[in-house]
Amino acid sequence: GDHQRAETVIADLVKRRVGRDDRFATVRREAKQQLLDVAAKATAANAIQLALSMEIVPGFPFPASLMFVYREWPAPVAAEDRLDALGRLLPGGEVVDADPGPTLRSWRQITMTPGTEEIRTTKLEYVVAAPDGRRVLHAVADVPVDIDSDLIVVLFDSIIDSLRWRSAPDGSDHNAPA
């Protein structure tokens, strides 16, 4: 099923990025387990998409995950009220000038301990109002890299800004990110 497919894809990704050298067996095993945990959380959250990264350019490690989930509004929200309604979904979120429409972002530094080692992680959340007024796209990014968080925020703001809406394949007025 989906778990077996995820395990195969993740194992192949880790082998390509970490390599097959026996010296890296522990790294491969830990990377695979962390990515499987992320995939399981995405499945549990009914994610519509999960993107995983291990490098930003060849040779420059950049482990990150970006998960997208739709959330329903309790009732349809008029276009002029969407930013305020997003604020209730992501209290304290900052307005992001993004092409997909009304968008809020929050971010914070957390420390993860996936074993014996503590890892500084930047966690970002975005809520984007879908044009149909019925749903919100909720994006969650985790970036366990010890670099300037402001640079990570700029990168992920650009990713969110690049989203475009398209009509659903069934011709309904529901929109989906492209």
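If you're wondering where the values come from, they're calculated on a predicted model, not measured in any experiment. (Residues numbered from 1 in each chain as written. Predicted model: local features only at pLDDT ≥ 70, side-chain atom pairs only at ≥ 80, totals over all residues. Heavy atoms only, no water.)

### Overview of helix 2 (residues 25-44)
Put simply, the rule reads: We count a stretch as a helix when DSSP gives it H or I for four or more residues in a row; a strand needs E for two or more, and each element gets its number in order from the N terminus. Multiply 1.5 Å by the residue count of a helix minus one, and that product is the helix's expected span. Exposed residues in this analysis have more than 50% of their type's maximum accessible area, buried residues have under 20%, and partly exposed residues fall in between, with area computed by a 1.4 Å probe over protein chains only. By construction, the arc corresponds to the directions joining the helix axis to the C-beta atoms.
Taking 1.5 Å as the rise per residue, helix 2 with 20 residues should run 28 Å; its terminal C-alpha atoms sit 28 Å apart, in good agreement. Taken together, the buried positions of helix 2 are Arg 28, Ala 31, Leu 35, Leu 36, Ala 39 and Ala 42. Burial along helix 2 is one-sided: seen end-on, the buried residues are contained in an arc of 135°. Within helix 2, the exposed residues directed more than 90 degrees away from the buried face are Arg 29, Lys 41 and Ala 44. Looking one or two residues past helix 2, Asn 46 carries a phi angle of roughly 60°, positive in sign.

### Some points on the nonpolar core
We count it as follows: Side-chain atoms within 4.5 Å are what join buried Ala, Val, Leu, Ile, Met, Phe, Trp, Tyr and Cys residues into a set we call a nonpolar core. Whether two residues touch is decided by their heavy atoms; if any such pair falls within 4.5 Å, the residues are in contact.
Membership of the largest hydrophobic core comes to 22 residues, with the highest contact counts inside it found for Phe 68, Leu 124, Tyr 126, Leu 137, Val 143, Phe 156 and Ile 160. Elements supplying a minimum of two residues to this core: strand 2 (60-72), strand 5 (119-129), strand 6 (135-143) and helix 4 (149-161). Sequence-distant contacts of Val 143, that is, excluding residues within four places in its chain, are made with Phe 62, Pro 63, Ala 64, Arg 120, Thr 121, Thr 122, Leu 124, Ile 152 and Phe 156. Counting nine residues, the second-largest nonpolar core is a separate cluster that includes Trp 73, Val 77, Leu 90 and Leu 104.

### Topic: the packing of aromatic side chains
So the rule is basically this: Here is the rule: rings of Phe, Tyr and Trp (six-membered ring for Trp) pair when centre to centre is within 6.5 Å. Planes less than 30 degrees apart are stacked, more than 60 are edge-to-face, and the remainder are tilted. Whether a charge sits over a ring depends on NZ of Lys or CZ of Arg being within 6 Å of the ring centre and within 35 degrees of the ring normal.
Applying the stated criterion across every chain yields a total of zero aromatic pairs. Note that Arg 135 overlies the ring of Tyr 70, its terminal NZ or CZ placed 3.9 Å from the centroid.

### Some details on the side chain of His 138
Going by this rule: The definition of a polar contact used here is a pair of N or O atoms within 3.5 Å, where within protein one atom must be able to donate a hydrogen and the other to accept one, and adjacent residues in sequence count solely through side-chain atom pairs.
Mapped onto the fold, His 138 is located in strand 6. A distance of 2.7 Å separates a polar atom in the side chain of His 138 from a polar atom in the side chain of Glu 125. Residues within four places of His 138 in sequence aside, it is in contact with Met 67, Phe 68, Val 69, Arg 71, Glu 125, Tyr 126 and Val 127.

### Overview of the pattern of salt bridges
Selection criterion: For salt bridges, the criterion is a side-chain nitrogen of Lys or Arg within 4 Å of an Asp or Glu carboxyl oxygen.
This model, assessed by the stated rule, comprises seven salt bridges. Notably, a salt bridge pairs Asp 142 with Lys 123, separated by 2.9 Å at the nearest N-O pair. With a gap of 19 residues between them, Asp 142 in strand 6 and Lys 123 in strand 5 connect regions that are remote in the sequence. Shared partners join several salt bridges into a network, and the residues in it are Glu 94, Arg 105 and Asp 157.

### Focus on the environment of Gly 101
Tracing the chain through its elements places Gly 101 in the loop between strand 3 (94-95) and strand 4 (103-112). C-alpha separation for the pair Gly 101 and Thr 122, spaced 21 residues apart in sequence, amounts to 24 Å.

### With respect to a nonpolar patch on the surface
Spelled out, the test is: Exposure above 30% relative accessible area and no salt bridge define the residues that can form patches, which grow by joining like charges within 9 Å and nonpolar side chains of Val, Leu, Ile, Met, Phe, Trp and Tyr within 5 Å. In this description, accessible areas are obtained by the Shrake-Rupley approach with a 1.4 Å probe, and a residue is regarded as covered only by the protein chains that are shown.
Together, Ile 56, Val 57 and Phe 60 give the surface a local cluster of nonpolar side chains, amounting to about 260 Å² of exposed area. Locating Val 57 in the fold gives a position in strand 1 (residues 49-57). By relative accessible area, which is 46% here, Val 57 ends up partly exposed.

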